[in-house]
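Here are the chains, one letter per residue:
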Amino acid sequence: MSGLWKKVGMKLLVYGAGVCGSLFAARMHKAGHDVSLLARGERLTALRRYGVRLAEEDGPAVERVPVPVVAHPDSGYDLIAVFVRTHQVEAALASLAGVRGDVLFLLNWAAGPEPLAAVLGHERVLLGFPATGGTMDGDVVRYRKSNLVTRRVAMPIGEPDGRTTPRLERIVATFRTAGINAKAEPRMDAWLRTHAAFEVPLGQAVHAAGGPAALADDPDAVRSMLHVIRQNLAALETPPVPRAFAALRTLPQGLLVAALRLFLKSPTAAHSGLNASSPATTAELKRLAEQLGAPA
């Protein structure tokens, strides 16, 4: 492990101040960790002025969390958690190559660990995916309301080679002390590729329809989306992870279309990145599809 862990807390850099990065940094800061949040441009200005501002979905109450913010990485950290879009990873790698610390990529990524390790070194790289979600309302992060389902969804984190190392166990335990439901995932690369096989057709269909609710109102478009998801899952080199995704290949089409339409009309979809289409979203889906070798 490249970083030296402290007995109390860790020195942590959160690279990326969007919804997931801001939520993660705020929770770690409130749990007493030495956290810095890296941001750029107008987001950096807003964070320096107001701190991280959080609100639950459409609730009126806004909480301010005074997370320290930086424009550039320091000389070294115990852990660097990267929350950027797929097409922004190259720039992040370039700026972190000379910065000491283990690097946990918590993002959409279907290209495997090799391109990351080629820049940072195999010993520094970990893979994962954020379990939180929400939307940006100006400079306020509106996060999904916690419920029985969302509380059961864990943040998967894993070593590229699938081992359960002391480093991985410490990271999971530290995140849990901050109320983040993290878990060790031995097949993290397969997990990310499975998620991309689902995410790319879903995101593209939502964008084409004009939003999740509009897509739900078009059963034919949902059926077409499901067809592409099934193609992607069938093309995976390994079985889907989690195994529940295999149900998308085996359950009757009518049942799956009905379930997907219900999801697209749910508050979870409404208060997620699916409902915040942007040029960045389009660019991310394009890069993710390229990594996956998936049909558009």
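Residues numbered from 1 in each chain as written. Predicted model: local features only at pLDDT ≥ 70, side-chain atom pairs only at ≥ 80, totals over all residues. Heavy atoms only, no water.

**Examining the overall build of the protein**
Working step 1: Across its full length, the protein holds 13 helices and twelve strands.
Working step 2: The C-alpha radius of gyration of the protein comes to 19 Å, within 12% of the 19 Å expected for a compact globule of 296 residues.
Working step 3: Taken along the three principal axes of its C-alpha coordinates, the protein extends 55 × 45 × 35 Å.
Working step 4: The buried share of the protein, reckoned over its 296 residues, is 51%.
Working step 5: Of the contacts formed within the protein by residues at least 6 apart in sequence, a portion of 68% connects residues at least 24 apart.
Working step 6: When the accessible surface of the protein is totalled, it reaches about 13800 Å², and 55% of it is carbon and sulfur.
Working step 7: Averaging the positions of the 34 positive and the 26 negative side-chain charges in the protein gives two centres separated by 4 Å. (Helix = DSSP H or I, 4+ residues; strand = E, 2+ residues; numbered from the N terminus. Rg over C-alpha atoms; globule rule 2.2 N^0.38 Å. Buried < 20%, exposed > 50% of the residue type's maximum accessible area, 1.4 Å probe, protein only. Contact = heavy atoms within 4.5 Å. Areas by Shrake-Rupley, 256 points an atom, 1.4 Å probe, with all protein chains shown as cover. Lys, Arg positive; Asp, Glu negative; His and termini not counted. Charge placed at Lys NZ, Arg CZ, Asp CG, Glu CD.)

**Concerning unusual backbone geometry**
Working step 1: For the peptide bond that leads from Val241 to Pro242, omega is -5 degrees, which places it in the cis range.
Working step 2: With respect to the secondary-structure elements, Pro242 resides in the loop between α9 (219-235) and α10 (247-250).
Working step 3: One non-glycine residue with positive phi stands out, namely Glu57, at about 45 degrees.
Working step 4: Here Glu57 lies in the loop between β3 (52-56) and β4 (63-65).
Working step 5: Its relative accessible area of 16% is what places Glu57 among the buried residues.

**Comments concerning the sheet that holds strand β6 (residues 76-82)**
Working step 1: Read from one edge of the open sheet, eight strands run β5-β2-β1-β6-β7-β8-β11-β12, paired in mixed fashion. Sheet topology places β5 (69-70) and β12 (182-184) at the edges, where each strand pairs with a single neighbour.
Working step 2: Of the strand pairs in this sheet, strand β1 (residues 11-15) and β6 are connected by four bridges, and their pairing is parallel. From the neighbouring strand, Leu12 faces β6, where its bridge partner is Leu79.
Working step 3: Across the sheet, helix α1 (residues 19-30) lies against β1, β2 (34-38), β6 and β11 (155-158), angled at about 160 degrees from β2, the strand it touches most. (Pairing = 2+ DSSP bridges. Axes fitted to C-alpha atoms, helices over the stretch in contact; angles between N-to-C directions.)

**With respect to the pattern of salt bridges**
Working step 1: Overall, the coordinates contain twelve salt bridges when judged by the stated rule.
Working step 2: Of the charged contacts in the structure, one is a salt bridge between Asp161 and Arg163, with a shortest N-O distance of 2.6 Å.
Working step 3: Notably, a salt bridge pairs Asp217 with Lys265, separated by 3.7 Å at the nearest N-O pair. In this pair, Asp217 sits in the loop between α8 (212-216) and α9 while Lys265 sits in the loop between α11 (253-264) and α12 (267-270), placing the two residues 48 residues apart along the sequence.
Working step 4: Through salt bridges with shared partners, one network takes in Asp102, Glu159 and Arg167. (Salt bridge = Lys/Arg side-chain N within 4 Å of Asp/Glu carboxyl O.)

**Considerations on empty space enclosed by the protein**
Working step 1: Per the stated rule, a full pass over the model turns up one cavity of 30 Å³ or more.
Working step 2: In this model, the largest cavity occupies a volume close to 30 Å³.
Working step 3: Lining the largest cavity are Cys20, Phe24, Arg27, Phe83, Pro130, Thr132, Met155 and Ile180.
Working step 4: Per element, the largest residue contribution to the lining of the largest cavity is three residues, and it comes from α1. (1 Å grid on protein atoms, 1.4 Å probe; cavity = no way out; pocket = protein on both sides within 12 Å on 5 of 7 lines; lining within 4 Å. Points joined across faces, edges and corners; volume = space filled by probe spheres on them.)

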